[in-house]
Every structure is written in C-alpha cells, then in structure tokens.
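A look at the structure
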Amino acid sequence: RERAASWCRVQREDLAMAPSEDDIKACIEKLRDEDLWMEATEELAEMTGDKDDEETRLAVAREDACPWLGRILATFIELRFGDDAPGSPKRSSLDKRSSLDAVDEDGINDDDVRSDGALSMMSSESRMQELEQVVINTLQCLINLSRSKKNRKEIADAGCVAPACTLFDLTLRREIHDRAVMLLINCCTGPIQYTGPVHDVVEESEGVQKLVEMIKLGPDHPTAHRAVQVLSLVSVDPEIKDIFRNECTGGFEALRAMLERPGGGLFLKHAVLTVNHLCDENVPNKIAFMESGGVPAMMRLMDRPPDDPLTAIALDAVTILAEDNDEVDEAVAVTGVLPRVVEMISNPENPKLTLAAVTAVMHMARDYKDAKRMLTSAGVIYKLKRIIDECAIEESPESVHLAQMCVSSLTNIAIDTEYWGQLELAEENVLTNVRSVFQVAPAESKMAQVCIAFVYAYTAGNSDNGWTVRQAGLLPVVAYHHLRGRDKKTRESKEALVSLGAAVDDDEESQDLISSLFGETVLRECLKVGAAKGTYVPPENRDEKTQAREKQTLSEVCKIAKLAMNGADFAARAKKAYEDRKAKFAQDIFDAEAALERKLVEQLAAREKELKEAENARQELRRAQADAANSRADAKKEINEAKAARFEYDAALRALNAKQGTLIKQKEEARRMIDEKIETYRSESDKLRNMIGVYEETSAEASGDAKKEIERKIKTAKIAMGEYDKRLKPGGCNIVKGLEAQIAELEKRLKDPAIDSLTELVKEKEEIWKIEQAEADEAERVLKEKEQAEAWARANAEREEREAKEKKEREEKEKRRLAKEKKNKKKKK
C-alpha cells in the first residue's frame, strides 16, 4: 500500500510538471521569430529533456516542431557554408511546401524572412556565436525528440538529417558536431524500412566522408567513438559500402587503428561491427581491409574470453572475410586464429558460439589447403562428429541446421586436397556419423543435399572410400534421393546421380549392387555423369525384352522411393523388391524349362503337320496349273471369234456410211443455209427498228425540211422492215421455200429400201459381235481366276516350304539359346 501511494504521488507530481498543449504551441510559435530562437530552443530542450516523458516528445512532434528546427539548422548552414552546402535551403526539401507552410499562418515566405534586417544582424561575429548556441540547443531538442521511435521518421521527413550531416564539420564547435552525430545515431537505429531513407540522405550529403574524417581523429578521441557508432549503423547500406572504399581515403586504416587500441570499450564493438558490415557481401571491401593490415587486429579479438561479446562479433568476421572469395583466406589463416575458432565449437563457457564457429570453419575449409590442415590439426573433425551424433532431425530444427553446417564443413575439408582430406576423414570414421543423419534425412531437405555433396567429395577418385560407402549401406540411400526426384529432374536428383557415380567408380561389386537393385539404366547414367574420365560404361542393351525388364525395374524402384519415408526405409524396401524379383526370376526359369519340354513334343507334331501341309500345297499347285492351261486355250479361241465378228460388223457399217454420207451432208448444208437466211433477215429487221427509233427522237427536235426528210427516211425504213418481217414468216421467202423442198427430197431419198436393208444388216452384225465379245470377256475372267488360283497355290506352297524351313531354324536357334542361358546361369550360381 505504501508503494502504491508513493507511485500515485510521483504520478501527480509528473502531471503537474508536464507542459500543457498551450505551452508547447506557444514555444513553437516563438520559432517563427528569429530573435526568439534562443529562448524557444532552450525551452524546447528543457520540455523534451525528460527521458521518461514520452507523451511530451510526441506532442511536440505533432505540433510540427521538426520543420522549424530544421529551418534553424538550414539557416545556420547557409550563413556558415554557403547556399550550396548540403542541408542549406536551396538544397533541402524545406524550399517545397511542407508541414512548415501549414504552421506559417501569416503566409510569410522563407526568403522574406532571410532578407530582412534580422538576418543581417546575425552576420556579425557576436550574433554568429549566439546562433551557434541556438544550433546546439536545436540539435539537443532533436536528440531528445529522436528518443521516441515514432519521431525519428518525422525528423527525417522534416529534412533535418542532411543539415546534421553537414554539421559533422570538425571546424565547428565540438558541441555542434558531437550532437549532430548523436542525432544520427538515434535516427539510424531501428528497422531498415525506417532507417533506409536516412541512409540515402547520409550518402547524398557526403556524411560518410565526414564521419571517416572524425574517426581519423584517433581511437582515443570521443568524437571518433561516436562517429564509428554511426558508421556501424549506416554501413549495412550497399552504396555506402562502395562510398567508404572509393571516396574515403584512409578509412580502413582508421578502423584498424581502433581495432589495435589496447583495452576495449563500446567504440571497439562499433568498430568491429562497422568492418563486418562493410565487408559483408562486398569482396572489394574485404580485399581493401586486408590490404590495410586490419585482418591481424581483427583476429586478435578472438583471444578474448568466449563470453565476451566481441568474441562473437570477431567470430562472425572470420565468416564474413572468408565468404564468396579466396583472396582473404590466407591472411586470416596466417594469424593463427583457426585453432581458436575450433575451440569455440561446443565451448562450455559459451555454447551459443557453436553455430558461428562451425560456419567460420565451413567457409575457411572451402578453398585454402593450409587452412584445412590447420583446422584438422586443431581437432575440428572430432568436434564436428560429436555435433552430428547429437542431431535430432525430428525434434530440434536448430540441431538439424547445426548438423548441416558440420556436414558441409566436412565436405569442404574433403574437396581438392589431393586425397589428404579424404584420408583424414576415413581415418576418423566420419562416414558412420554422416550415415546416422543421412539415412533419416527427408527427401529434398537441406540435410539431404549436404550429405549427397559429402558422399561425392568423400569418394571422388578414391575407390577405397567408395568401398566404405558400400559397406556402410549408403549406396541405396544416395539412389533414393536420385530416384525420388528423377521424374521432375530436380537438382537434388541430379546431384545424387553424380555422387552415386563417384561412389561406384572403379568398384565392380558396387556397380553390381546398383545394377541388381535399380537396373542397368541407373548404373549407366551415374557412371556417365559421376565417374572419372575413361571409366568403362556398360553399353545399352538393344534387346527389347531386356529393355522392357529394365524399364519395369526402374519404374518399380521409383514408386518405392516415392512411398518410402527416408533413405533407410527405401533401402529395406528396395532390397525386398530385389529379392522378390530374384525369386520370381527363379520361378520363371523353372516354368520355362517345364514349358520347354512340352514345347519340344508340340514341335515334333507341328513339324509333321507342316510337312504334310507343304505336300498338299504342292499338289494343289499342280492342279491349279492344269486348270490355268485349259482356261488359257479356251480364252484364246473365244477372243479370235470375237475379233472375226467385229471385222464383219465394221465392214457393214462402212458400207452403210458410204451410202448415207452424201445425202446427209447435203441435207445438213441446206439446213445451215436456211438458218443463215433467217438470221440475216432478223438482224436487218432489228437494225431498221433501231434506226426508226433514232429518227423519231431526232424528228421531235427538228423542224421544216429537216423534219420532212427525217419522216421520209422513217417511212422508207418501215417499208423495208415490213419486207423483212414478211420474209421471216413461214412461206414468206422463196429462197427458204426452195431449200426446204430440197431437204424434203433428200429425206425421201434416205428412205430408199437399199439403205434400210444395209441398216438391218449392220444391226445384225452388231448383235453377233456383242455376243462373241461377251463370251471372250467371260473366258478372260475365268482365265484370270485360274491364273490367280495358280498364283495363290504357288505362294501357298512356297510359304509352307518357307515356314517349315524357318521353324526348323528357330528350333535349332532356340536350342542353342537355351543351352547358352543354362551355361550362364551355372556361371552366376
């Protein structure tokens, strides 16, 4: 109760001391008058000075204090450095309408304010000193406001960051540039989505270069300590990393001096973080830091106790410097830091460093051979093995991730070491530890990928290690990760196939195991992509039955891989499937031998039947040949008789045509002449009719003699047209009548009895010829049928003889094949 009463009493005192909203507005109103800047900034600094008074700081920011404070800084920069300096009104965003315009209710323009007498008064030395104190107060206000995370974005949006960067100038009073640095520290602290725009302003306003000049003051200078803290915050920006390297001469040397300073302090942590951020994912910066001689100083920080925070940061530095390059590996290794890195693995004083230490080992063991030897001599393999043994895949994701890094480290130790690394790992029996996690690693997991890579690094070009992989039972596990993703052609599947080829290279027993469990196709493919150059690859079997059996085996093991939970489960299932295939194959052999005996009996009976059928076919052929010869003679006779009848028919037809030809031609000629006359009369009549129409149209427009002349012509034309129309009527033309009489006479002559007699004779000969021709056609049809029957009989006889011969050859070939298979089976047994 006493504590509660005391707390209530303190709260009442705080509420009484807190400024009201009117006080805040009155204070910010004073910022409009330059003569009241000193008073206003002092009051604001006092209002916001309480670290625990979050509400006041937020209230001041809500009243748009930040734009007015930024205006003070911009005015000072313009007077001190000119209007082209970063943060001056001409280069800042304050020239644009912002929240400052909303507060300026009198509508006074910034240029009007800076052009009155007050600005000229501030140009004197005494007034400049007073303005410097105003700037100090302003920076303190901004520092106080930036203690609230919500205000940091307001400060950045108000354009206060660029002026603060310009105030890093060491020619100014220390209170100014130190407070400017403190303001940047606060504004750069927080999530990247809020601090990213601040980084951009620092970059554009040449703040990085000025910060570097500050840290050049030396490791003992407090200003350098604050500057390196800002750098530790902004150096995560990729563009600032490049600016530091390209435009800040002596920057890495200044950081090295801080790292080399004896003792320690918070600045040392910031210096180490700055180096790590600058070098992270930036290889040129790593090389520049190495060339500046900073690597030994950084590595000496690893000599601190494991629970020292700097030890963890320095351990991260080993990883950062070694990652993505091999130029810095030697510089790190020669410092002798690698044994100390190994000590940090599973260190009881600080177990949290294990992951960072294993990561550093993984990167240092990637390329530099001496580093691999140093790590191995320091006992890193034993420690990595213990971590792998403690991995609980189904229970702890953290231990799985750590084990992955350990397997990757062992993989890097084995790669490109002229079999030295492979020998070391074999002597340490590392394969047993890797097997424990590889067998239960889920498909398409990171653990499975690193274990596949380890198998390749462990066995590449080393048949002895390949033998140990087979003895450890890992070949089916590697095949599992290939077969599971074979259909989709995943990256894991391809890598597993390469590792499988390296593991079975130059080991016939391993190759036989793969061929037996998974088929010749998998063996052939893995040797092509994973074995050493010049390794014998079995050729593809072109036998269709063998190919079908291989395809079926591959399909079966792929289905098993998709159903299996992990590599160990798959290995057991694949072995059982192989034994089932083997038992089925033995049963098939037994059934085939029994079927063979039955087949031999059937073949003897079939042979006799084939011989009998061949003899019957030959007899049928002889009968067909005789029938065809008789039909050929009959057809020849009928054809000759048809030809004679045709000759007589043609002779009678010629005689009839000779008799009728002249009369018909004369009749046709008379008919033609009649048609021509009628057509001529009709054409002339049409012309006269058209001419009369034209004359009548002209007559309507003419007069006098011209009209009489036209009427005379019309009359004459009508008389002529009437004459032609008369001739077109039946019997109207004497010429046509004469020609029609001639046609009648010719038709009469065509009905002469002699011509009728010839016509009857022609019809009779034609009937006789048609009958004879039909008989000839029937004889030819019969002949074709007989010849076709003969050809069919011949083909049947030849087929029967060929089938009998082929069957005999097949029987002999089957006997040879069965004898060969029996011999091979005895060899395999």
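Cut-offs used in this document
- Residues numbered from 1 in each chain as written.
- Predicted model: local features only at pLDDT ≥ 70, side-chain atom pairs only at ≥ 80, totals over all residues.
- Heavy atoms only, no water.
- Helix = DSSP H or I, 4+ residues; strand = E, 2+ residues; numbered from the N terminus.
- Rg over C-alpha atoms; globule rule 2.2 N^0.38 Å.
- Buried < 20%, exposed > 50% of the residue type's maximum accessible area, 1.4 Å probe, protein only.
- Contact = heavy atoms within 4.5 Å.
- Areas by Shrake-Rupley, 256 points an atom, 1.4 Å probe, with all protein chains shown as cover.
- Lys, Arg positive; Asp, Glu negative; His and termini not counted.
- Charge placed at Lys NZ, Arg CZ, Asp CG, Glu CD.
- Phe/Tyr/Trp six-rings, centres within 6.5 Å; stacked < 30°, edge-to-face > 60°.
- Lys NZ or Arg CZ within 6 Å of the ring centre and 35° of its normal.
- Salt bridge = Lys/Arg side-chain N within 4 Å of Asp/Glu carboxyl O.
- Core = buried A, V, L, I, M, F, W, Y, C linked by side-chain atoms within 4.5 Å.
- Axes fitted to C-alpha atoms, helices over the stretch in contact; angles between N-to-C directions.
- Left-handed = near helix turned anticlockwise from the far one by under 90°.
- Nonpolar A, V, L, I, M, F, W, Y, C, P; charged D, E, K, R; others polar.
- Arc of directions from axis to C-beta.
- Disulfide = S-S within 2.5 Å.

Considerations on the overall build of the chain
- Looking only at helices and strands, the chain features 40 helices and 0 strands.
- Taken against the 2.2 N^0.38 rule, which gives 28 Å for 829 residues, the C-alpha radius of gyration of the chain at 57 Å runs more than 25% over that of a compact globule.
- On the principal axes, the C-alpha backbone points of the chain span a range of 160 × 130 × 60 Å.
- Within the span of the chain, comprising 829 residues, buried residues form 43% of the whole.
- Put simply, of all contacts in the chain between residues at least 6 apart along the chain, 74% involve residues at least 24 apart.
- Summed over all atoms, the accessible surface of the chain reaches about 45500 Å², with 50% contributed by carbon and sulfur.
- In the chain, 131 positive and 159 negative side-chain charges are present, and the distance between their average locations comes to 11 Å.

Digging into the packing of aromatic side chains
- Considering all chains together, one arrives at 5 aromatic pairs under this definition.
- With centroids separated by 5.0 Å and ring planes inclined at 75 degrees, the aromatic side chains of Phe244 and Phe252 adopt a geometry described as edge-to-face.
- Members of the aromatic cluster, joined through ring pairs, are Phe244, Phe252 and Phe289.
- The ring of Phe81 carries the charged tip of Arg80 above its face, separated from the ring centre by 5.9 Å.

Focus: unusual backbone geometry
- Positive phi is not limited to glycine here, since Glu281 has a value of about 55 degrees.
- Turning to its location among the elements, Glu281 is positioned in the loop between helix 18 (266-279) and helix 19 (283-291).
- A relative accessible area of 67% places Glu281 in the exposed class.

Some details on the side chain of Thr138
- Looking at the secondary structure, you find Thr138 in helix 9 (residues 125-146).
- Among residues more than four places away in sequence, those in contact with Thr138 are Thr41, Leu69, Ile72 and Leu73.

Re the pattern of salt bridges
- Overall, the coordinates contain 33 salt bridges when judged by the stated rule.
- Here Glu260 ties to Arg256 by a salt bridge, and the two come within 3.6 Å at their closest N and O atoms. Separated by 4 residues within a single helix, Glu260 and Arg256 lie in helix 17 (residues 251-260), roughly one turn from each other.
- The class for Glu260 is partly exposed, based on a relative accessible area of 39%.
- A cluster of three or more residues bridged by salt bridges with shared partners is formed by Arg80, Glu132, Arg173 and Glu175.

Things to note about the nonpolar core
- The biggest cluster of nonpolar side chains holds 178 residues, and the ones touching the most others in it are Leu167, Leu259, Met447 and Phe518.
- Take this core: its biggest share by element is 10 residues, from helix 9.
- Other than its neighbours up to four places away in sequence, Met447 contacts Cys391, Val400, Ala403, Gln404, Val407, Val437 and Ala441.

Observations regarding the packing of helix 26 (residues 380-389) against helix 27 (residues 397-414)
- Their axes nearest at 9 Å, the elements helix 26 and helix 27 cross at an angle of 145 degrees. Where helix 26 crosses over helix 27, the two elements pack in a sense that is left-handed. Residues Val380, Ile381, Leu384, Ile387 and Ile388 of helix 26 lie in contact with helix 27, whose contacting residues are Leu402, Ala403, Cys406, Val407, Ser409, Leu410 and Ile413.
- When the residues that make up the contact of helix 26 with helix 27 are grouped by side-chain class, the tally is 11 nonpolar, 1 polar and no charged.

Some words on helix 2 (residues 21-30)
- Here helix 2 has its buried residues at Ile24, Cys27 and Ile28. Buried residues along helix 2 cover an arc of 95 degrees about the axis, so they all sit on one side.
- On its buried side, helix 2 packs onto helix 3 (37-47), helix 4 (54-62) and helix 5 (65-81).

A short note on the state of the cysteines
- Under the definition given, this model contains 0 disulfides.
- The thiol of Cys279 is not disulfide-bonded; the next cysteine sulfur, from Cys248, is found 14 Å away.
- The exposure class of Cys279 is buried, given its relative accessible area of 1%.

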